[in-house]
There are 2 protein chains.
Amino acid sequence: MTGTPARPPAPPGVACLTAPGDMAPYLAGVRGEKGQALAVLRPQTTEAVAACVRHCHAEGMNFVPQSGNTGLVGASVPGTQEGGVVLSLDRLRGECTVDAANRTVSVSAGLRLSELNAQLAPHGLFFPIDLGADPMIGGMIATNTGGGRYLRYGDVRRHVLGLTVVLNTAKAEVLTLGGAVRKANTGPDWRQMFIGTSGWFGVVTRAVLNVEPMVQAQAAALVVPSSHAAMLDLLRHLEIRLGPLLSAFEFMSCAAMRHTFTHVPAIANPFARGAIPQMALLIEVSRTTADAPWDTPLDEVLQAAFAEAWDLPGAPVEDALFGRAEEIWALRHALSEGVRTAGPLIAFDLGFTRDKVIAFREQMHRTLPARYPMMEICDFGHLGDGGLHFNLIKTDGPAQPSFEEGLRDWVVEQAVEGFGASFSAEHGLGPKNLRYFERYTALDPQVLRRMCGVIAANGC
Amino acid sequence: MTGTPARPPAPPGVACLTAPGDMAPYLAGVRGEKGQALAVLRPQTTEAVAACVRHCHAEGMNFVPQSGNTGLVGASVPGTQEGGVVLSLDRLRGECTVDAANRTVSVSAGLRLSELNAQLAPHGLFFPIDLGADPMIGGMIATNTGGGRYLRYGDVRRHVLGLTVVLNTAKAEVLTLGGAVRKANTGPDWRQMFIGTSGWFGVVTRAVLNVEPMVQAQAAALVVPSSHAAMLDLLRHLEIRLGPLLSAFEFMSCAAMRHTFTHVPAIANPFARGAIPQMALLIEVSRTTADAPWDTPLDEVLQAAFAEAWDLPGAPVEDALFGRAEEIWALRHALSEGVRTAGPLIAFDLGFTRDKVIAFREQMHRTLPARYPMMEICDFGHLGDGGLHFNLIKTDGPAQPSFEEGLRDWVVEQAVEGFGASFSAEHGLGPKNLRYFERYTALDPQVLRRMCGVIAANGC
């Protein structure tokens, strides 16, 4: 890194921003991160991205690829050292070509998810990654986003058929990897190295994605399980009985719901006499048809599947509220705001096997109060896929960085070492969790070099 | 490679076969390949596999990993040079642990698909890759097998959650990559480098797989489309109307069916007055419930979806035969035998976008007869995912190797260069198609080295 502003921050022909006011939105993250940069480069084409990468390598400038800048681990925000640039993909918007016959779309990395779905809708198609935010496609790939309907549709990785990538090398080679053909086993699948790796190895500029027939009908229930274990029994029952109709199985803790009812005025407490249960589930079924003559209405399907569940061993269902899908989803979606508003938040994005979600929660409720009595557990998550947004609210005022770091280390250690968890389920890797990558998942550098050596030697 | 039989072919403690009669089944492939080996090593554990790999590197012996030896591209059969060994996984059978709550299984690489499914059945689960053969799990991963229900369940890659791998290096490091946790974005996904790469980079000894609720009900139709284009219209209609109920959309050519009716006595011609149409489709719907009160019987669903299709613009359906699912599948499954029995076969496993399957077939029917008048096109395939088993029968006697090579090169060139096809859809990479890898998909060695360099440098 060399902070020499006399040199041009961008290669010839590439637009760039240097005025502090223009750069400000690119230097701030959604979780309060703030960074510095010499400039924000805004290339419009893959070739211009390659020119930027070559320029940065030649000038010894760090660059941070940034697409929608909606990420939660700081990966798209530059650091505070001087001399680097932001490589924004927000003008990479040249292409969005729907191939309805093949059920694929070829899309530039700078389009937002909502824009992609708007292009797909007239064809009766959608990109089935369901998120609270509205990121750009490039960032979704760099993060391998999961979301609330992973249970039904998987993560971004499942849907990436082709990528155009600019390698993060001095030559900035442009690679076209894969394409619209679904069945292709013609060598190592290099695409995978650019999915979920935060742009470390290269910048994704374009993707060919699988897309799905649009959902036309949904129904949801708000369910009170009779116990922790009952949630898993219910999940297994519904997976078998409902098959792919089951599209969400979401968990909400009492504390997360309570803060939401308190702090988010639009959300009413739907429980009888306002008594919030220890835990609740949002369970959704959905279908690509709204009016097919052979379909039983989804509300009836869901109620009938629950009628069976009442009689299961252990009586897993204590109570269930049907027929108000929008209201139930509004509660689920408002949990983030409810928790954020309730006090200083320290949030974890953990992934477990499904049974371990429950075991981890139980242990935390036993051990956290003794060690951190000022922290309140306000968690929720995607029980169907083992994802848990383990949120802690500090009830006695703001957290100092050293306190937060110690708490983070302890919780991650408990989850990873005690319960085999992933420390990043769906938010990807960035400055906020890089030390856990180094601690828990990075390969030994010598092994990594030898592995890359055998790949480089045999794969050609 | 050094052919020095005086050295021990296996490391201490690892069983090996050296008698020609014992080795014979390991040296012959299912498509008539025949190779040579000093020995067949049969390790029982991951550690013993690592000892074998270290031994081979130390002694300068080539090794070919082999699991079920059911592959169609020769990848599991040793070559004809002297001095190498087969590294068989057929005794790697120590583990098959079903986690029903998590819907995963941890399984040794030497179990066969049928054995895995037998272990899963009591839990109401199955591994949803549907194949004619019965391979071992290790080979399925090394091939990234697809199969007949890709449309519904995807390929092996989608279902691999964790891998234990022995690197193909002198040190034979054992890596445990991923595991039973579904949502884990904690660094580069190294698993992917060992899926579909024929064991080049390492030997898979154990996997954690996603498994699915078992299918309990199916219905199928044998459909005569009114034209080539009509098949795509029908596919789009059914994908939207049936959603994930649609589990197979298979194409059968007139010639493939004709040879099957002629050469496979058990298969009766189901068409009215025996008139075989130019093309037919096998269309299947399936479900995880057999008796749910909310389910319309699948035969009725399928007929009702077709009742709508009769009225679509262009009238895509000419005829449809319902309610004889087993008979229709028996025909589909017998096509391989029918074609193989009809004469000397030159087979291609091609992948296209769905519309290009049709365009390629049309062009081949126009151009192949002029160039190769003795070759009859007898194709069939998975139209739903663009896979085409493009089979050619030589009607004037056996093919000489040089003739076959010229024909292969020409067909692959037409498909890849003219129609953007993959030259290997689901059979993987091996000696039979390695030259097309080198010609069409291998990265430039310098680019590959630089890419592996940036991966080795940043990924730690």
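Residues numbered from 1 in each chain as written. Chains lettered and ligands numbered in written order. Predicted model: local features only at pLDDT ≥ 70, side-chain atom pairs only at ≥ 80, totals over all residues. Heavy atoms only, no water.

The name recorded for chain A in an unreviewed UniProt entry is Putative FAD-linked oxidoreductase, from Flavimaricola marinus. UniProt annotates chain A under Cofactor (unreviewed entry) with the comment "FAD". (UniProt positions renumbered as here; feature names shortened; annotations may be inferred.)

S.K.: Any chance you could explain unusual backbone geometry here in plain terms?
M.R.: The bulk of non-glycine residues show a negative phi, and the bulk of peptide bonds are trans. One non-glycine residue with positive phi stands out, namely R103 of chain A, at about 55°. If you trace the backbone, R103 of chain A turns up in the loop between β5 (96-99) and β6 (104-108). Accessibility expressed as a relative area gives 7% for R103 of chain A, which makes it buried. The residue A315 of chain B is not glycine, and still its phi comes out positive at about 45°. (Helix = DSSP H or I, 4+ residues; strand = E, 2+ residues; numbered from the N terminus. Buried < 20%, exposed > 50% of the residue type's maximum accessible area, 1.4 Å probe, protein only.)

S.K.: What's the story with the relation of the copies chain B and chain A in this structure? I'm lost.
M.R.: Relating the two copies of this chain is a rotation about some axis coupled with a shift parallel to it. Each copy superposes on the other: chain B lies on chain A with an RMSD of 0.0 Å after a rotation of 180° and an axial shift of 0.0 Å. With respect to symmetry, the two chain copies, as superposed, fit the operation of a two-fold axis. Minimal C-alpha separation from the rotation axis in chain B is found for C452 of chain B, amounting to 2.8 Å. Both copies present the same face, since 100% of the interface residues in chain B are matched by interface residues at the equivalent positions in chain A. (Least-squares fit on C-alpha atoms with pLDDT ≥ 70 in both. Contact = heavy atoms within 4.5 Å.)

S.K.: I would appreciate a short explanation of empty space enclosed by the protein in the present structure.
M.R.: Unfilled space is identified by rolling a water-sized probe across the atoms. Inspection of the entire model under this criterion finds four cavities of 30 Å³ or more. Estimates place the volume of the largest cavity at around 410 Å³. Elements represented by at least two residues in the lining of the largest cavity include exactly α5 (150-153), α7 (228-242) and β14 (279-287) of chain A together with α5 (150-153), α7 (228-242) and β14 (279-287) of chain B. In terms of residue class, the lining of the largest cavity is built from 14 nonpolar, ten polar and eight charged. The volume enclosed by the second largest cavity comes to roughly 60 Å³. Lining the second largest cavity we find R236, E239 and I240 of chain A together with A100, R103, H123 and L125 of chain B. Broken down by element, the residue count for the lining of the second largest cavity peaks at three residues, all from α7 of chain A. Here the lining of the second largest cavity is built from residues that sort into three nonpolar, one polar and three charged. (1 Å grid on protein atoms, 1.4 Å probe; cavity = no way out; pocket = protein on both sides within 12 Å on 5 of 7 lines; lining within 4 Å. Points joined across faces, edges and corners; volume = space filled by probe spheres on them. Nonpolar A, V, L, I, M, F, W, Y, C, P; charged D, E, K, R; others polar.)

S.K.: Would you mind showing me how to read the sheet that holds strand β1 (residues 16-17) of chain A here?
M.R.: Strand pairing within a sheet occurs via backbone hydrogen bonds; the two strands may be parallel or antiparallel. Residues and elements named next belong to chain A. Taken in spatial order, the four strands of this open sheet run β1-β2-β4-β3, and their pairing is mixed. The strands lining the two open edges of the sheet, one partner per strand, are β1 and β3 (63-66). Strands β2 (39-41), β3 and β4 (85-88) of the sheet are contacted by helix α2 (residues 46-59), whose axis makes an angle of about 165° with β4. (Pairing = 2+ DSSP bridges. Axes fitted to C-alpha atoms, helices over the stretch in contact; angles between N-to-C directions.)

S.K.: Can you walk me through the interface of chain B and chain A in this structure?
M.R.: Much of the literature gives interface size as the accessible area that the parts lose upon coming together. Taken together, the contacts link 89 residues of chain B with 89 residues of chain A. Taken together, the two surfaces of chain B and chain A that pack against each other cover about 8,300 Å², and 63% of this comes from carbon and sulfur. Sorting the residues of chain B by area buried against chain A places K183, N185 and W294 of chain B first, and these three jointly supply 12% of that buried surface. Counting across the interface, chain B meets chain A through twelve salt bridges. Here D189 of chain B and R157 of chain A are joined by a salt bridge, their closest N and O atoms 3.4 Å apart. Taken together, chain B and chain A are joined by 34 residue pairs in polar contact (both at pLDDT 80 or more). Going through the elements one at a time, α5, α6 (156-159), α7, α9 (298-310), α11 (354-371), α13 (434-441) and α14 (445-458) of chain B are the ones with two or more residues in the side of chain B that touches chain A. A per-element tally of the side of chain B that touches chain A places α14 of chain B first, with ten residues. A per-class count over the side of chain B that touches chain A returns 40 nonpolar, 28 polar and 21 charged. (Buried area = accessible area lost by both parts, 1.4 Å probe. Salt bridge = Lys/Arg side-chain N within 4 Å of Asp/Glu carboxyl O. Polar contact = N/O pair within 3.5 Å; in protein donor to acceptor, adjacent residues only side chain to side chain.)

S.K.: Can you walk me through the pairing of strand β16 (residues 345-351) of chain A in this structure?
M.R.: If a strand is regular, its side chains alternate between the two faces of the sheet. Residue and element names in this part refer to chain A. When you tally the buried positions in β16, you get six out of seven residues, the bulk of the element. Across seven bridges, β16 lies against strand β19 (residues 387-394) in antiparallel orientation. Paired with F348 across the two strands is F390, which belongs to β19.

S.K.: What exactly am I supposed to notice about the UniProt feature "domain: FAD-binding PCMH-type" (unreviewed entry) in chain A here?
M.R.: Per the UniProt record, "domain: FAD-binding PCMH-type" (unreviewed entry) is annotated on residues 33-214 of chain A. Between the end C-alpha atoms of residues 33-214 of chain A the distance is 36 Å, and the span holds 20% helix and 25% strand.

S.K.: Honestly, the pattern of salt bridges in this entry has me stumped. Any pointers?
M.R.: Pairing is possible between side chains that carry opposite charge, provided their charged atoms lie close to one another. Considering all chains together, one arrives at 50 salt bridges over all chains under this definition. As a salt-bridge pair, D189 of chain A and R191 of chain A come within 2.7 Å of each other at their nearest N and O atoms. An identical accessibility class is assigned to D189 of chain A and R191 of chain A; each is buried. Residue R408 of chain B is joined to E404 of chain B by a salt bridge in which the shortest nitrogen-to-oxygen separation is 3.0 Å. Of this pair, R408 of chain B and E404 of chain B both sit in helix α12 (residues 401-419), four residues apart, which is roughly one turn of the helix. Judged by relative accessible area, R408 of chain B falls into the buried class, the value being 16%. With relative accessibility at 26%, the residue E404 of chain B sits in the partly exposed group. Within this structure, R103 and E212 of chain A together with E239 and R354 of chain B form a network of salt bridges that share partners.

S.K.: Would you take a moment to explain the sheet that holds strand β6 (residues 104-108) of chain B for this structure?
M.R.: All names here are of chain B. As summarised here, the arrangement of the five strands in space is β5-β6-β10-β8-β9, forming an open sheet in which the pairing is antiparallel. Looking along the sheet, the strands with just one partner apiece sit at the ends: β5 (96-99) and β9 (174-178). Strand-to-strand twist in this sheet, taken as the mean axis angle between neighbours without regard to direction, amounts to 15°. Judged from the five bridges that link them, strand β8 (residues 160-167) and β9 form a sheet pairing that is antiparallel. Among the inter-strand pairings, L163 is bridged to a residue of β9, identified as L177. Helix α2 (residues 46-59) contacts β8, β9 and β10 (202-210) of the sheet and is inclined by roughly 40° relative to β8.

S.K.: Teacher, can you tell me more about helix α1 (residues 20-27) of chain A here?
M.R.: Residue pairs three or four apart in sequence face the same way in an α-helix, which turns once every 3.6 residues. Residues and elements named next belong to chain A. Buried within α1 are the following residues: M23, Y26 and L27. Take α1 and look down its axis: the buried residues cluster within an arc of 90°, on one side only. Exposed residues on α1 whose side chains face more than 90 degrees from its buried face are G21 and P25. Looking at the buried positions of α1, the neighbouring elements they touch are β1, β2, β3 and β4. (Arc of directions from axis to C-beta.)

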